[in-house]
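Reading the structure
Spelled out from the first residue to the last, the chains are:
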Amino acid sequence: MYIQDQLQEIKAHIAAAEQRAGRPAGSVKLLAVSKTFPVEDIMQAYNDGQRLFGENRLQEAMSKIPAMPADCEWHLIGPLQRNKVRKALEQGFGLLQAVDSLRLAEAISRIAGELGCTARILLEVNVDGEASKHGFTPAEVQELWPQLTTLPQLEICGLMCIPAPTEDPEGARPAFRSLRTLAETLRTRGPLPLPELSMGMSHDYAVAVEEGATIVRVGSAIFGKRDYAAH
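Summary of the structure given here. (Residues numbered from 1 in each chain as written. Predicted model: local features only at pLDDT ≥ 70, side-chain atom pairs only at ≥ 80, totals over all residues. Heavy atoms only, no water.)

**Some remarks on helix H5 (residues 102–115)**
In a regular helix each residue adds 1.5 Å, so 14 residues correspond to 20 Å; H5 covers 20 Å between its end C-alpha atoms and thus fits that length. When we look at burial in H5, the residues that qualify are Leu102, Leu104, Ala105, Ala107, Ile108, Ser109, Ile111 and Ala112. Here the buried face of H5 lies against helix H4 (85–91), strand E4 (95–99), strand E5 (119–124), helix H6 (138–148) and strand E6 (154–160). (Helix = DSSP H or I, 4+ residues; strand = E, 2+ residues; numbered from the N terminus. Expected span 1.5 Å × (residues − 1). Buried < 20%, exposed > 50% of the residue type's maximum accessible area, 1.4 Å probe, protein only. Contact = heavy atoms within 4.5 Å.)

**A short note on the pattern of salt bridges**
Enumeration over the complete set of coordinates arrives at 15 salt bridges. Glu210 is the salt-bridge partner of Arg20, the closest N and O atoms lying 2.7 Å from each other. Here the residue Arg20 occupies a position in helix H1 (residues 2–20), and Glu210 occupies one in helix H8 (residues 205–210), the gap between them amounting to 190 residues. Glu55 is paired through a salt bridge with Lys64; the nearest N and O atoms lie 2.9 Å apart. Judged on exposure class, the residue Glu55 and its partner Lys64 are both buried. The network of salt bridges with shared partners includes Arg20, Glu170, Arg173, Arg177, Arg180, Glu184, Glu210 and Glu211. (Salt bridge = Lys/Arg side-chain N within 4 Å of Asp/Glu carboxyl O.)

**Quick notes on the pairing of strand E2 (residues 52–55)**
Looking along a regular strand, one sees side chains alternate from face to face of the sheet. Where burial is concerned, the two faces of E2 agree: the one with Leu52 and Gly54 and the one with Phe53 and Glu55 are both buried. Judged from the 2 bridges that link them, strand E1 (residues 29–33) and E2 form a sheet pairing that is parallel. Bridge pairing in E2 places Ala32 opposite Phe53. Of the crossover connections in this fold, the one passing from E1 over helix H2 (residues 39–47) to the parallel E2 is right-handed. Examined bridge by bridge, E2 and strand E3 (residues 73–76) share 4 bridges and lie parallel to one another. (Pairing = 2+ DSSP bridges. Right-handed = clockwise from strand over helix to strand, strands pointing away.)

**A short note on the packing of aromatic side chains**
Summed over the entire model, instances satisfying the criterion amount to 2 aromatic pairs. With a centroid separation of 5.4 Å and an interplanar angle of 35°, the aromatic rings of Phe53 and Trp74 are classed as tilted. Taken together, the residues Phe53 in strand E2 and Trp74 in strand E3 connect sequence positions 21 residues apart. Judged by its relative accessible area of 5%, Trp74 is buried. When the ring centre of Tyr46 is taken as origin, the NZ or CZ atom of Arg51, which lies over that ring, is 3.6 Å away. (Phe/Tyr/Trp six-rings, centres within 6.5 Å; stacked < 30°, edge-to-face > 60°. Lys NZ or Arg CZ within 6 Å of the ring centre and 35° of its normal.)

**Quick word on the pairing of E6**
Within E6, 6 of the 7 residues are buried, which leaves the element mostly enclosed by the surrounding structure. Pairing of E5 with E6, which is carried by 6 bridges, proceeds in the parallel orientation. Within the sheet, the bridge partner assigned to Ile121 lies in E6 and is Ile156. Handedness of the crossover joining E5 and E6 through H6: right-handed. In terms of strand pairing, E6 meets strand E7 (residues 196–198) through 3 bridges, oriented parallel. What sits directly across from Met160, in E7, is Ser198.

Okay, structure coming up:
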């Protein structure tokens, strides 16, 4: 019952954070990050009503998606190499969350056109300017906005970020606020509504909800500690 109990607790924390922030109940989607966990664990979450799952690695996702019921929605939340874009689009992810460069966005646009589909993406923003992190800087997003928004077969649904790690969840609040502010700025420039802000993980998702997250990416708090050595 561990996974079911954790899911219920996290949903309660999200609801409380929505209330504190004066946001409508149910305005935040919980993405269960299932990377490194077996299908048996994911199925436990499914049986408790969870339908939205996130995977970091395309290869791992491709082995899990066919094994799960068809009404699951899957997001690719890890880095995507341009030479794997076609496979990712053919897999039918509901959202590619970590589009971190204009070149990648252009590749997704081109291949989506070849496949006759529209790719839904988020732009990954490196809000803290960490050298080790992927993503556009806030300045780059604004500079490239005219090019990004005119790419065909591409629906930019919003922004995502992974803030610098902090012991105190409150330490991530400035990064979440920066991402929300950037989205607000981009909306004023048009032409996109940018409804999604993907931010917040197991450690700090409640703070992210208070700062405007619409998707929180929670893995270990649902499934337990990961065994990376097995992968």
